[in-house]
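# Coordinate analysis (summary)
Letter by letter, the chains look like this.
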Amino acid sequence: MSHPDDLRYSKEHEWVRVDGDKATIGITSFAADELGDIVFVELPEVGATLSQFGTFGVVESVKAVSDLYSPISGEVVAVNEKLRETPELLNSSPFDEGWIARVGSIDSGELDKLMNAAAYADETA
Amino acid sequence: MSAQAVGELRRTPLHELHVELGARLVPFAGYEMPVRYASIIEEHRTVRGAVGLFDLSHMGELEIQGDEAVAFLRYALVSDPGALTIGQAQYSMACEADGGIIDDLIVYRRTDDTFWIVCNASNRDAVLAQLTALLERGDFGATLEDRSDRTALLAPQGPHAAALLATLTDLDLDEIGNYRSADGTVAGIECLVARTGYTGEDGFELFCDARRAPDLWRALTTTGEAHGLRPCGLGARDTLRLEAGMPLYGNELDRDTNPFEVNLGRVVKLEKGEFIGRAALQAVQQTGPRRKLIGLQMIDHAIPRAGYEVRSEGRAVGHVTSGTASPTLGTPIAMALVPAELAAIGNAFEVVVRERPYRAEQVKLPFYKRPRD
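Every chain's residues receive numbers from 1 upward, in the order its sequence appears when written. Key to labels: chains lettered from A, ligands numbered from 1, both in the order written. Owing to the predicted nature of the model, reporting of local features is limited to residues with pLDDT of at least 70; listing and counting of side-chain atom pairs is limited to 80 or more, with chain, interface and lining totals taken over all residues.

This next bit is on the interface of chain B and chain A. Size of an interface: often given as the accessible area lost when the parts come together. Two residues qualify as a contact pair if the distance between their C-beta atoms, derived from the backbone, is within 7 Å. Taken together, the 11 residues of chain B in the interface contact 9 residues of chain A. Secondary-structure elements contributing two or more residues to the side of chain B that touches chain A are α2 (40-49), α7 (234-243) and β16 (315-325) of chain B. Three classes are used, and their members are as follows: Ala, Val, Leu, Ile, Met, Phe, Trp, Tyr, Cys and Pro are nonpolar, Asp, Glu, Lys and Arg are charged, and the others, Gly among them, are polar. Along the lines of polarity and charge, the residues of the side of chain B that touches chain A split into 4 nonpolar, 4 polar and 3 charged. By definition, any uninterrupted DSSP run of H or I lasting at least four residues is a helix, any uninterrupted run of E lasting at least two residues is a strand, and each is numbered from the N terminus.

Our next topic: the domain arrangement of chain B. Here the domain parsing of chain B yields domain 1 (60-149) and domain 2 (290-363). Where each domain starts and ends follows an automatic or database-derived domain assignment. Taking the mean C-alpha position of each, domain 1 of chain B and domain 2 of chain B sit 34 Å from one another.

Strand pairs in the sheet, formed through backbone hydrogen bonds, run parallel or antiparallel to each other. Residue and element names in this part refer to chain B. Here a strand pair is declared whenever DSSP counts at least two bridges between the two strands. A sheet is described by the order of its strands in space; here 6 strands give the open sequence β10-β11-β12-β9-β3-β13, paired in mixed fashion. Unpaired on one side and paired on the other, β10 (181-186) and β13 (229-231) mark the two borders of the sheet. Between one strand and the next, the sheet's axes are offset by a mean angle of 25 degrees, whatever the strand orientation. As paired strands, strand β3 (residues 51-55) and β13 are joined by 3 bridges and run parallel to one another. Counterpart to V51 in the pairing with β13 is L229. Axes here refer to lines fitted to C-alpha atoms; in helices the fit is confined to the stretch in contact. Angles between the N-to-C directions go from 0 to 180 degrees.

Time to look at helix α6 (residues 213-224) of chain B. Every α-helix carries 3.6 residues per turn, so stepping three or four residues along brings you back to the same face. Residues and elements named next belong to chain B. In this analysis, the expected span of each helix is defined as 1.5 Å times one less than the number of residues it contains. The first and last C-alpha atoms of α6 sit 16 Å apart over 12 residues, in line with the 16 Å expected at 1.5 Å per residue. Taken residue by residue, α6 has A213, L216, W217, L220 and G224 as its buried positions. Seen from one end, α6 has its buried residues packed into an arc of 100 degrees, which puts them on one side. Here a residue counts as buried when 20 or more other C-beta atoms fall within 10 Å of its C-beta, as exposed when 12 or fewer do, and as partly exposed in between; the C-beta atoms come from the backbone. What the arc covers is the set of directions going from the helix axis to the C-beta atoms.

Residues and elements named next belong to chain B. The 5 strands are arranged β5-β6-β7-β4-β8 in an open sheet whose pairing can be described as antiparallel. Because the sheet does not close on itself, it has two edges, and the strands there are β5 (89-95) and β8 (143-146). Strand-to-strand twist across the sheet, computed as the mean angle between neighbouring axes with direction ignored, equals 30 degrees. Bridging between strand β4 (residues 60-65) and β8 involves 4 bridges; their strand directions are antiparallel. In the strand pairing of β8, L62 is matched with D146. Here helix α3 (residues 69-76) sits on the sheet in contact with β4, β5, β6 (101-111) and β7 (114-119), set at roughly 130 degrees to β4.

The next subject is the nonpolar core. Residue and element names in this part refer to chain B. Each nonpolar core reported here comprises buried Ala, Val, Leu, Ile, Met, Phe, Trp, Tyr and Cys residues connected via C-beta atoms within 7 Å. Residues I117, L154, L216 and V351 are the most contacted members of the largest nonpolar core, which totals 132 residues. The dominant element in this core, judged by the number of residues it contributes, is strand β17 (residues 332-339), at 6 residues. Looking at this core, you find at least three residues from each of domain 1 (60-149) and domain 2 (290-363). Ignoring anything within four residues of it in the chain, the contact list for I117 reads L62, I64, L105, V107 and V127.

Structure follows, in structure tokens:
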């Protein structure tokens with residue numbers, strides 16, 4: 001399984017892509033495969049404040065309900081509206097079209113608590 | 001719980017094949033069972049549109065034999081197995097004296113005086129205990145044998161199941177109607193071939209010697225390729241049976257629920273004479289059940305799950321017994337137990353999902369009925 005090198009990863013199988021003082025977050029391909037067919041995503045609201053490793057939404061597969069844990073603190077500035085109608089993007093394109101939220105006002109110091117791609121690959125091996 | 005240690009899971013004779021196929025294995029009823037091989041939704045659609053193959057070898061097979069086997073089963077079960085002709089099968093239940101359901105099961109008449117009961121793996125011990133206790137009273141000339149461990153059960157289910165099976169057997173499948181069975185060979189392996197299932201589609205359940213199960217599986221998957229066959233796990237089995245409005249023990253059925261509450265009063269043959277649970281069930285039949293199992297379709301976008309609270313006009317009235325996002329209908333569906341007086345098609349309910357109520361409407365069960373020609 002390949003994990004993009006430009007992302008940071010949490011033990012809860014979320015990823016974060018930093019872009020200046022903003023970041024995009026989502027779930028990893030490992031998480032998507034473990035969950036199976038994702039049929040519903042409960043997105044955070046724009047303006048909501050996320051704290052690192054706190055819950056920020058829910059994904060449901062055919063069989064199970066799972067919480068989403070934010071890999072980074074910040075304020076939600078956008079959510080992936082496409083996931084409301086096509087939650088299966090989390091399975092087909094977890095690192096790209098299946099992004100979940102964009103957050104602003106991030107603290108880049110928090111990235112130290114996350115793994116790089118190589119460490120995450122070991123974690124999920 | 002049985003005496004078996006927690007974490008010590010049993011395996012079916014097809015375990016190695018499941019591992020080879022990359023199945024996700026989960027603990028189920030004391031067995032390590034495939035929940036899916038790849039995508040549950042794809043497996044579900046395969047059964048609706050082509051043919052899916054299930055390993056159900058965890059299920060219990062009990063043989064009842066003897067001059068008084070009929071009398072015994074009429075007393076032990078709520079249905080009337082005496083009405084079965086040889087080869088015929090019947091959906092039935094074992095109940096407690098208070099009418100609570102011990103298990104739902106299928107009875108097959110193999111010969112004049114030999115019957116098979118196929119029960120849920122999770123209730124095999126309970127059904128065995130109930131039947132053994134009755135036999136030990138000595139009132140019936142019949143014997144009971146648990147054949148579960150040496151019997152495998154493979155189920156090809158779906159509209160292409162008959163065409164697939166026809167290429168592997170000399171049996172005339174047109175002669176085996178719904179809820180009928182026959183002894184014969186499939187791919188040279190002796191089987192009880194039954195036209196039964198738990199998916200809402202046409203399909204078969206093939207019972208064979210556990211040692212021959214891998215050969216039967218391989219023959220079905222190899223020949224099945226041309227028929228669009230895909231191995232299917234318990235995940236798809238659950239969504240398929242839910243769409244078909246079929247109850248699952250532990251969800252819709254338990255010892256605190258009687259057959260009339262779950263719309264299965266027709267299974268109970270009160271007129272056949274004395275049987276375990278008769279007085280209690282007759283009382284329920286006369287007064288009508290207190291609760292009723294209903295079908296719900298969500299109006300709002302939220303997925304109901306087992307155990308979620310059901311409200312009527314803001315008041316908690318019942319709970320969801322099973323729910324999912326229906327792969328066939330594309331909407332969230334559920335079955336729920338509510339007070340009988342609130343049950344009517346079109347009635348409004350709310351299901352509480354993560355502490356918020358979402359609107360639902362009562363719809364007719366089943367949610368899905370297969371097209372018949």
